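Here is how the chains run, residue by residue.
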Amino acid sequence: MKTILKSERILWNGQWQSGAMIIEAGKLTGFTQDPQLLAEAVDYGSQRIIPGIFDTHNHGTHGYGLSGQVSADPQVQKPIVRHYLKALGSQGVTSIFPTCAVSMIRSVSEVADEDNEGADIVGIHSEGPWLNRVGEKGIRTGWPEVSLATAKQMVADGQGKLKLVALAPEIPGIDPIIDYFLSEGVTLAYAHSDCTYDEAMAAYARGLSVATHTGNVMTGLHHRDIGGLGAALNHENVECEVICDGLHISLEMLKLYFKLKDPSRFMMISDCSGMAGAPIGQYKGWYPGMIISITPEGFCLSDTGRLCGSSKPVLYGIGNLVEKLGMPMSTVSRMASLNPAKKYGLADRKGSLEVGKDADCVVITDDYQAVATYVRGRKVYDCQTDTDLFNPEFYREMRIEENA
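Notes on the structure in this doc start here. Bear in mind that the values here come from a model prediction, so they are computed numbers and not experimental data.

1. Here's the deal with the overall build of the chain
Now for step 1: Each helix and strand counted, the chain has twelve helices and 22 strands in total.
Now for step 2: The buried share of the chain, taken over its 404 residues, is 58%.
Now for step 3: Pairs at least 24 residues apart make up 68% of the contacts formed inside the chain by residues separated by at least 6 positions.
Now for step 4: If you sum the accessible surface of the chain, you get close to 16,400 Å²; carbon and sulfur atoms cover 49% of it.
Now for step 5: Here the chain holds 36 positive side-chain charges and 48 negative ones, and the gap between their average locations is 2 Å.

Below you can see the structure in the form of structure tokens.
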């Protein structure tokens, strides 16, 4: 079956083109300006078509959370994952590393093998469980036992799909776990760490190669020790995750990031939680006793005032960089799609719109809302019909005003 998508603005091969993409068997097979083929196309007018977003750090959305206090029952976990994948389509996400609790790795792996109606699971990300620094206004709670058996169970549960683990390299006894994950081909990220610059650089020399949400919950820039942030920006072989919601990192600091390090070494992430998409208000958190507030500015805050993930998707960050920082869409799209595809060995089929790659794309409005999302040529989101994707149980169980 052939599908043809037409627009006056398609980011084809990294350049804006007017015409139509031809999709066959889930792959992009050509670009055309032939009047006969254009007449057969699904016409998106002047709305932009860009590569589908590849989010490597995303804990949940639309009331479906994969981290925190989650049921251990696979029969409960798996429907959550399926709904989560469908909801991601509304944010233009076509490839995803679900960032899940250790107890959910097996369920996520098994759902990845299904024929899902939503984003493609192309790997699994575990942020922790061995983390240290909590950041501004955080409360230190320590970390779980540093157990090689736990690391081995994570890899076994992932069934070859555990691609990324984030950890604090200064935690006592963590070195054997670092060595084990690397021996299994798992990429390691520097995360939630109190390391100095020299200590962070030593961790990268040991084999860590990604900076988790660069700038957040790591030691910052100081004129006598430029800390974990300085190490991430200074190390030429480290890829930097970056949240571009303008809340986690100011736009001025983002501008500085891209002056210090080439944008080709950044991967845009959302770090969204299951609270993403929730209305302004107070909610029960993912951990006992926690209260989360969604503010009018878009902050997702704990009761101590600490940032708890983002409520804004990568697509919102794309709008920030293009509209507020004046960056070219071609550069920003690579940060959101092609750069992570390259890092994780998927660039032969993901990350850009060109012949031979999967037909993963999102049609967006001028205010950066998804109109339609296609995964391997199949429309998995349509703004006209998919109008109620938020988890109804979330409102009943989590919203404080309704449970008071």
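Picking up where we left off.
2. Describing helix α2 (residues 74-88)
Residues separated by three or four positions in an α-helix point in the same direction, a consequence of the helix having 3.6 residues per turn.
Now for step 1: Its 15 residues give α2 an end-to-end C-alpha distance of 21 Å, which sits within 8% of 21 Å, the value for a rise of 1.5 Å per residue.
Now for step 2: Buried within α2 we find Gln 77, Lys 78, Val 81, Tyr 84, Leu 85, Lys 86, Ala 87 and Leu 88.

3. Regarding the environment of Ala 370
Now for step 1: As for its position among the elements, Ala 370 is in strand β21 (residues 370-375).
Now for step 2: Ala 370 gets classed as buried once you look at its relative accessible area, which sits at 8%.
Now for step 3: Each C-alpha atom, one on Ala 370 and one on Ile 49, is 9.8 Å from the other, the two residues being 321 residues apart in sequence.
Now for step 4: Apart from residues no more than four positions distant in its own chain, Ala 370 is found in contact with Gly 89, Ser 90, Gly 92, Leu 315, Val 362, Val 363, Tyr 381 and Cys 383.

4. Side note on the sheet that holds strand β12 (residues 162-167)
Now for step 1: Spatially, β11-β12-β13-β14-β15-β16 is the arrangement adopted by the six strands of the open sheet, whose pairing is parallel. Unpaired on one side and paired on the other, β11 (124-127) and β16 (266-269) mark the two borders of the sheet.
Now for step 2: In the sheet, strand β14 (residues 210-211) pairs with strand β15 (residues 239-243) via two bridges, with the strands oriented parallel. Note that in β15 the partner of Ala 211 across the bridge is Cys 240.
Now for step 3: Sheet strands touched by helix α10 (residues 329-343): β13 (187-190), β14, β15 and β16. Its angle to β16, the strand with the most contacts, is close to 110°.

5. Description of the pairing of strand β22 (residues 378-382)
Now for step 1: Looking at chain direction, β21 and β22 are connected through four bridges and run antiparallel. The residue bridging Thr 373 from the neighbouring strand is Tyr 381, located in β22.
Now for step 2: Remark: two residues form the turn of the hairpin made by β21 and β22, two consecutive strands paired antiparallel; Arg 376 in that turn has positive phi of roughly 50°.

6. Concerning unusual backbone geometry
Now for step 1: In this structure, Pro 129 follows Gly 128 across a cis peptide bond, with omega equal to 20°.
Now for step 2: Residue placement: Pro 129 occurs in the loop between β11 and α4 (148-158).
Now for step 3: Its identity is not glycine, yet Asp 271 carries a phi of approximately 55°, on the positive side.
Now for step 4: Its location among the elements puts Asp 271 in the loop between β16 and β17 (281-284).
Now for step 5: The phi torsion at Arg 376 lies on the positive side, around 50°, for a residue other than glycine.
Now for step 6: As for its position among the elements, Arg 376 is in the loop between β21 and β22.
Now for step 7: Its relative accessible area of 35% is what places Arg 376 among the partly exposed residues.

7. Topic: a nonpolar patch on the surface
Now for step 1: On the surface, Leu 221, Leu 256 and Leu 260 cluster together into a nonpolar patch covering about 260 Å² of accessible area.
Now for step 2: Here Leu 260 shows up in helix α8 (residues 251-260).

Criteria and thresholds
- Residues numbered from 1 in each chain as written.
- Predicted model: local features only at pLDDT ≥ 70, side-chain atom pairs only at ≥ 80, totals over all residues.
- Heavy atoms only, no water.
- Helix = DSSP H or I, 4+ residues; strand = E, 2+ residues; numbered from the N terminus.
- Buried < 20%, exposed > 50% of the residue type's maximum accessible area, 1.4 Å probe, protein only.
- Contact = heavy atoms within 4.5 Å.
- Areas by Shrake-Rupley, 256 points an atom, 1.4 Å probe, with all protein chains shown as cover.
- Lys, Arg positive; Asp, Glu negative; His and termini not counted.
- Charge placed at Lys NZ, Arg CZ, Asp CG, Glu CD.
- Expected span 1.5 Å × (residues − 1).
- Pairing = 2+ DSSP bridges.
- Axes fitted to C-alpha atoms, helices over the stretch in contact; angles between N-to-C directions.
- Patch = residues over 30% accessible without salt bridge, like charges linked within 9 Å, V, L, I, M, F, W, Y side chains within 5 Å.
- Salt bridge = Lys/Arg side-chain N within 4 Å of Asp/Glu carboxyl O.

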